[in-house]
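Residues per chain, in single letters:
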Amino acid sequence: MNVGGERPDPARPPADRAAAGVSEARLPRAGLVLPYAEQGPPTGLPVVLLHAVGDSWRSFEPLMAHLPDTLHVLAPSQRGHGGASCPPHGYRPADFAADLAEFLDRVGVERALLVGASSAGFTLRRFAAAQPGRVAGLAFLGSPAQLADKPAAPAVREWVHRLTDPLDPVALRTLADSLVSRPLREEFADLVVRENLRAPAQVWRDTFDGLLGEPPPDGLGAVTAPVLVVWGDQDRILPRSDQYRLTAAFPRATLLVHEGSGHVVHWDDPARTAADLAAFAAACAHRP
């Protein structure tokens, strides 16, 4: 209880939480090395966090700080991002999904709760459709049902295709601020920009082209695991109708609306998002 003191900041991590350890996963088939953060006991339910385009595993730091210690959390930086190997091609959702399968193999995880932030939701859908037996649950955090049908898509594509190296940190900060409804803590905003700068312009372009070419959700009827769709009602990119469409694509999906949050719900309110994921993980863990 906070009696007579400063109101707790839900975006600030608990002071007594240890930082996640960082390792590398070598994916021989893909020829990649992916840095990944890991926290929690190996005996806990594996929870794999996949970041959005331009980000890295560090975009989940506020969320991970609020997740319970009982969960076995793994957060890789994907190809081309955050110090991971950067091949000259292979940035479609299908490529990231193949990397995910090999990553799970390398870290010894057969079945996991998979969490996708924004564009990583396309990766989750590809993986789940191909290997539904490895999915204990799916959680989508501000993930689109489709991107190409959004009115802003042509402008976004034009902006991405104008990017050149070195990237402009001011433009990236403006982008980060536009994705939330509450001001980001300055030190975290600086971290997001630094990590965004590590992804070359080509990776941004190729990844966005892959996202814009991704069809609407289809063929997901075989995914019988529980699905949680989390959306902020202040999202300037995805309308509520888009989230209804994503939810309807799965047999067992629930839409959870975060009032007052923007596109990146786990930046706007990491404590609430962590509590929702913890409750969802508990339900997934008790499912046969």
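Residues numbered from 1 in each chain as written. Predicted model: local features only at pLDDT ≥ 70, side-chain atom pairs only at ≥ 80, totals over all residues. Heavy atoms only, no water.

A look at helix α8 (residues 240-248)
Taken together, the buried positions of α8 are D242, Q243, L246 and T247. Along α8, the residues classed as buried sweep out an arc of 135° about the axis, all on the same side. Structurally, α8 contributes buried residues whose contacts are with α3 (120-130), β6 (135-141), β7 (227-232) and β8 (253-258). (Buried < 20%, exposed > 50% of the residue type's maximum accessible area, 1.4 Å probe, protein only. Helix = DSSP H or I, 4+ residues; strand = E, 2+ residues; numbered from the N terminus. Arc of directions from axis to C-beta. Contact = heavy atoms within 4.5 Å.)

Brief notes about the environment of G213
Note that G213 resides in the loop between α7 (201-212) and β7. In this structure G213 comes out as exposed when scored by relative accessible area, which is 59%. When the C-alpha positions of G213 and L147 are compared, they lie 8.4 Å apart, and in sequence the two are 66 residues distant.

Topic: the packing of aromatic side chains
Here the distance between the centres and the angle between the planes together describe a pair of aromatic rings. Across all of its chains, the model carries five aromatic pairs by this definition. Here the aromatic rings of Y36 and F103 are separated by 5.3 Å at their centres, their planes lie at 80°, and the arrangement is edge-to-face. Here Y36 is found in strand β2 (residues 32-39), whereas its partner F103 is found in helix α2 (residues 93-106), with 67 residues between them in sequence. The exposure classification of Y36 matches that of F103, with both residues buried. (Phe/Tyr/Trp six-rings, centres within 6.5 Å; stacked < 30°, edge-to-face > 60°.)

As for empty space enclosed by the protein
Picture a little ball the size of a water molecule; that probe, rolled over the atoms, points out where space is still empty. Under the counting rule described, the total for this entry stands at two cavities of 30 Å³ or more. Put simply, the largest cavity is a space of about 90 Å³. Residue lining of the largest cavity: H51, A52, V53, Q78, H81, P93, F96, S119, A120, T123, T207 and L211, and that is the complete set. Only α2, α3 and α7 provide two or more residues apiece to the lining of the largest cavity. Volume-wise, the second largest cavity comes out at about 70 Å³. Lining the second largest cavity are L34, L50, P76, Q78, F96, D99, L100 and F103. When residues in the lining of the second largest cavity are grouped by element, the largest group, four residues, is from α2. (1 Å grid on protein atoms, 1.4 Å probe; cavity = no way out; pocket = protein on both sides within 12 Å on 5 of 7 lines; lining within 4 Å. Points joined across faces, edges and corners; volume = space filled by probe spheres on them.)

Topic: the pattern of salt bridges
Side chains that differ in sign of charge can pair as their charged atoms come close. What the rule picks out here adds up to 20 salt bridges. For the salt bridge of D99 with R79, the shortest nitrogen-to-oxygen distance reads 2.6 Å. With D99 in helix α2 and R79 in the loop between β4 (72-76) and α2, the pair connects residues that are 20 residues apart, well separated along the chain. Side by side, D99 and R79 carry an identical accessibility label, which is buried. Linking D149 and K150 is a salt bridge whose minimum nitrogen-to-oxygen distance equals 2.7 Å. Residue K150 is classed as buried on the basis of its relative accessible area, which comes to 8%. Connected through shared salt-bridge partners, R29, D105, E110 and R134 make up one network. (Salt bridge = Lys/Arg side-chain N within 4 Å of Asp/Glu carboxyl O.)

Details of the packing of helix α5 (residues 169-178) against helix α6 (residues 186-196)
Contact pair α5 / α6: the axes reach a minimum separation of 9 Å and the direction vectors enclose 120°. Judged by the angle between their axes, α5 and α6 are oblique. Where α5 crosses over α6, the two elements pack in a sense that is right-handed. From α5, P169, L172, R173 and A176 reach across to α6, where they touch E186, A189, D190, V192, V193 and N196. Here the residues of the contact of α5 with α6 are counted per class, giving six nonpolar, one polar and three charged. (Axes fitted to C-alpha atoms, helices over the stretch in contact; angles between N-to-C directions. Parallel < 35°, antiparallel > 145°, perpendicular 65-115°, else oblique. Left-handed = near helix turned anticlockwise from the far one by under 90°. Nonpolar A, V, L, I, M, F, W, Y, C, P; charged D, E, K, R; others polar.)

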